[in-house]
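Residue-level structure breakdown
Each chain, written out:
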Amino acid sequence: MELSGRVVVVTGGTRGVGAGIARSFVEAGAEVVVCARRPPEVPLPKTRFASLDVRDADAVQRFFAELPRLDVLVNNAGGAPYRLLADAGPERHLRVLELNLLAPLTVSLAAYEHLKQTRGSIVMIGSVSGGRPSPGAAAYGAAKAGLENLARSMAVEWAPDVRVNTLVVGMVRTERSQLHYGDEDGIAAVSRTVPLGRLAEPSDVGAAAVFLASDAAAYITGASLLVHGGGERPAFLDAATVNKET
């Protein structure tokens, strides 16, 4: 999965999962540009930072117009605070949809001509939230479901020039994990719900992204690759009163 000489753009690539993805592409030999509204607190070695708000269509167009070459786009920018539907007005939920669904479409359209010339690829960073109920993050889950469908349609429309795939990511341990799962005891308890017994590391997501962008995945497009450690153990197995180990 050698990517020497290829140019990769990772949106939201300054921390967490995005930084892990950027580091993985650097290790594969690629030239990496990370985009975010603010620079990283700790610079990522061997990457170039570009200030960009992916929700600003004009700024996105200018950024890609000035980029000499592009081989891989990773649409990673996204996220949402915990917010019950009835606790906020529709405008706040629309912002979540804008960041997690409309922005990746905007960025992909702006990158298309570059990627067509290099016969490159797009990797969407999806979420398991798009395939199950997501209380407290309903708009985010809906956006991620839409992103996965968008990627499949994009893969058909843009074939054979541009491959488009999605990483469906589960729970990841980052510098902000305590905001979602609590202290170390909380993280350990959450980890036990995953069949592989741990949360993903950003490097796990990065390795999968490199694979989908590489020649090893040359015949893969329109696919959704689960990166979730086996998902979640079905709750009914623990609630049932039969077949219990004693």
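Scroll up to find the structure.
Residues numbered from 1 in each chain as written. Predicted model: local features only at pLDDT ≥ 70, side-chain atom pairs only at ≥ 80, totals over all residues. Heavy atoms only, no water.

This paragraph deals with the nonpolar core. By size, the foremost hydrophobic cluster in this structure holds 31 residues, and its most contacted members are Val 9, Phe 63, Phe 64, Leu 70, Leu 73, Ile 122 and Val 164. Those elements that provide at least two residues to this core are strand E2 (31-36), helix H2 (57-65), helix H3 (90-118), strand E5 (121-127) and helix H4 (138-158). Of all the elements, H3 adds the most residues to this core, at seven residues. In this view, Leu 73 contacts Val 9, Thr 11, Phe 64, Val 107, Ser 108, Ala 111, Leu 115, Ser 121, Ile 122 and Val 123; residues no more than four positions away in its chain are not counted. Val 10, Val 169, Leu 212 and Val 227 belong to the second-largest nonpolar core, a separate cluster that totals 29 residues. (Core = buried A, V, L, I, M, F, W, Y, C linked by side-chain atoms within 4.5 Å. Buried < 20%, exposed > 50% of the residue type's maximum accessible area, 1.4 Å probe, protein only. Helix = DSSP H or I, 4+ residues; strand = E, 2+ residues; numbered from the N terminus. Contact = heavy atoms within 4.5 Å.)

Another aspect to go through is unusual backbone geometry. The omega torsion of the bond from Ala 159 to Pro 160 falls at 0°, within 30 degrees of zero and hence cis. With respect to the secondary-structure elements, Pro 160 resides in the loop between H4 and strand E6 (163-169). Not every positive phi belongs to a glycine, and Lys 46 is a case in point at roughly 65°. With respect to the secondary-structure elements, Lys 46 resides in the loop between E2 and strand E3 (47-51).

Before going further, it helps to examine helix H7 (residues 202-213). For H7, with twelve residues, the first-to-last C-alpha span of 17 Å sits near the 16 Å given by 1.5 Å per residue. Listed in full, the buried residues belonging to H7 are Pro 202, Val 205, Gly 206, Ala 208, Ala 209, Val 210, Leu 212 and Ala 213. The elements touched by buried residues of H7 are helix H1 (16-27), strand E4 (72-75), E5, E6 and strand E7 (224-227). (Expected span 1.5 Å × (residues − 1).)

Here we come to the sheet that holds E3. Here seven strands make up an open sheet; going across it, the order is E3-E2-E1-E4-E5-E6-E7 and the pairing parallel. Taken across any chain shown, the strands that pair with only one partner, and hence form the sheet edges, are E3 and E7. The mean angle between the axes of side-by-side strands here comes to 20°, regardless of whether they run parallel or antiparallel. Taken together, the three bridges between strand E1 (residues 7-11) and E4 define a ladder with parallel strand orientation. Directly across from Val 9, in E4, lies its bridge partner Leu 73. (Pairing = 2+ DSSP bridges. Axes fitted to C-alpha atoms, helices over the stretch in contact; angles between N-to-C directions.)

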